[in-house]
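# What the coordinates show
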Amino acid sequence: VLVSLVGPPGKITREKKGELRLRRAILLLLCLCLILPAAGCGMGYKADGEFTYLLPGNLNSLDPQTASGAAAQLVIGSLFEGLCRIDSEGEVVPGVAERWESRNNDTEFTFHLRRDAQWSDGSPVTAQDFLFAIQRALQPETGTPAVDDLFAIQGARAIYHGEAGMEALGVTVEDGHTLVFRLEKSVPDFPALTAAMHYMPCSQSYFEESLGHYGLSSQYLLTNGPFALASVYAWDTDSGERKVSLVRSSTYRGEEQVQPSSVTYLIDYDSAWIQDPVATLTAGEADVLQVTEQEARAAEEAGCGILTLEDAVTGLLLNPQSEKLESVYLREVLFKTLDRQDLLSRREDASQAQGIMAACITYGGEPYYQEGAAAYPQQDDSVTQGLSGLLDGLDLEDMPSVTVICPDDAESVNVANGFLVAWNSQLGTAFNIEPLPQDELQRRVAAGEYEAALYTLRAGGTTPYAVLKSFESHASPALLNSAAYDEALHSLTFDLASYQSLEQRLLEEYVFYPLFQDVTYYAMNPKVRGIRICPDGSVDLTAARKRG
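The following refers to the structure shown. Values in this document were obtained by computation on a predicted structure and should not be read as measured data.

Scoring rules and cut-offs
- Residues numbered from 1 in each chain as written.
- Predicted model: local features only at pLDDT ≥ 70, side-chain atom pairs only at ≥ 80, totals over all residues.
- Heavy atoms only, no water.
- Helix = DSSP H or I, 4+ residues; strand = E, 2+ residues; numbered from the N terminus.
- Contact = heavy atoms within 4.5 Å.
- Salt bridge = Lys/Arg side-chain N within 4 Å of Asp/Glu carboxyl O.
- Buried < 20%, exposed > 50% of the residue type's maximum accessible area, 1.4 Å probe, protein only.
- Pairing = 2+ DSSP bridges.
- Axes fitted to C-alpha atoms, helices over the stretch in contact; angles between N-to-C directions.

### What to know about the environment of Met 197
With respect to the secondary-structure elements, Met 197 resides in the loop between helix 5 (190-193) and helix 6 (204-209). Distance in space between the C-alpha atoms of Met 197 and Ile 76 is 7.6 Å, their sequence separation being 121 residues. Apart from the residues lying within four places of it in its own chain, the contact partners of Met 197 are Pro 64, Gln 65, Ala 67, Ser 68, Ala 72, Gln 73 and Ile 76.

Right under this line is the structure:
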């Protein structure tokens, strides 16, 4: 908006002086209106800040082709960049690949790499580095975990199982900056798969010079991400002092400029920091933490920024490794005697889950579930009619009494009580609940020390594969230990029918009964803005700023 301060020529009268003052006042007011909102959003938050993140566990490797676990994924996401990234909205965005296109009904993808992409030693990142990384991961002796995400590529499955040579791999380096993938069948979401760790590049010459030490210490790691290791001593493994220290990479040329000067990933820290996240954030001991809904409210009142992700489904988790619930038939009885409508009514403003896939999960750019889909066991009270015969076959006199662990907030206890109401009325057995603090509940599930739990399953990505692999025997926590399910997962062909078939197999294991679409909350240090949390579990600190 422009306000003219120039009137017609001639003598400046008292009236004109008054008009001039009025116009100047209007202009000043308009300027303030424009400046103040911007100041409220960003004034005082500056680049070059130092940030701290608390890792959920220890690290054994920072080699993208061999590392596993949430802690490694978080650090590797700062140190490396794949062809694509998943942003905070769940969209696939450029990584090293500045653009890509698909052909032949999404069976062939061509990725065009940034020509200025560099390794941390200043050497260029090339298409060959991505090919070598994939070839490494497909050699069983490498020990790549969850290698199934590579099996969408033509020939990859046969190579991994020793049924074909590496020449059968459907990956072609057209030139130093162009990489072509030919797939076994149509996979519209293939670019999202390339954001995974196992697709991240590896320099063959550097790897071979490392003589077996690659990724096992900060002395033997070449990276290409927005951050680099601070020194050869950046990965401190001394007990009580364990951490990884990163600095802004001087060689990174990504989509945006890296704002922080350093990031410290702490492995060893006071357990009280997790138990009281609001105090930890306001004291500046950490810059972002996952919190419960109740903690998010308290954090917001304390001035913390709040981030949310629609990446979770909460429901009833049964432990197949528990002696009481190792029978799939008993688990089926517990699921099919639940009163779903009563359970849904026990949470205010609850959003019903259509199945195990969270709202962030898509296929071909569309929500995974069609409107009205119901991918969960249906209530069937007649399942109790054959219960006595079932119990006889299991050498049991009565239905086993099961204890449900749940978060110790009133709403969760109310939902868990709903399980007991349904079971006590249908099965004539006394069931119990055990409310626990969130960190203790997570520990019990991770250790397998539970029979049943009101549990929040987080997607860990934006593809159905990300959710389905959560039930693999080697996943952490181990939600299911089934060789048959593992074999089916390893046979996945990444098309919609294959996803739906594996989901149905999982439903028939009666391990997880989905109830509520849920949100994951994160809170930021009140002096911090710009941190982004992504549905694949990564924390993007690239744009993070801090107030002095």
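Now that the structure has been shown, the text picks up again.
### Re the pattern of salt bridges
Taken as a whole and judged by the stated rule, the model has 24 salt bridges. One salt bridge in this structure joins Glu 332 and Lys 336, with 2.8 Å as the shortest N-O distance. Note that Glu 332 and Lys 336 are positioned in helix 10 (residues 328-336) at a spacing of 4 residues, about one turn of the helix. One exposure class covers both Glu 332 and Lys 336, and it is buried. Of the charged contacts, one joins Glu 434 and Arg 444 as a salt bridge, the two residues approaching to 3.3 Å between their closest N and O atoms. Of this pair, Glu 434 sits in strand 19 (residues 432-436) while Arg 444 sits in helix 14 (residues 438-447), placing them 10 residues apart in sequence.

### So, the pairing of strand 7 (residues 171-175)
Note on strand geometry: in a regular strand, side chains alternate between the two faces of the sheet. Alignment of strand 7 against strand 8 (residues 178-182), held across 4 bridges, turns out to be antiparallel. Across the sheet, Val 171 pairs through a bridge with Phe 181, a residue of strand 8. Connecting strand 7 to the antiparallel partner strand 8 that follows it, the hairpin turn spans 2 residues.

### Points about the sheet that holds strand 5 (residues 97-103)
Reading across from one edge, 5-6-8-7 is the order of the 4 strands in this open sheet, with antiparallel pairing throughout. The sheet is open, and its two edges are formed by strand 5 and strand 7, each paired on a single side. Between one strand axis and the next, the sheet turns by 20° as a mean value, whatever way the strands run. Across 5 bridges, the pairing between strand 6 (residues 108-113) and strand 8 is antiparallel. Among the inter-strand pairings, Phe 111 is bridged to a residue of strand 8, identified as Leu 179. Helix 3 (residues 127-137) contacts strand 6, strand 7 and strand 8 of the sheet and is inclined by roughly 165° relative to strand 7.

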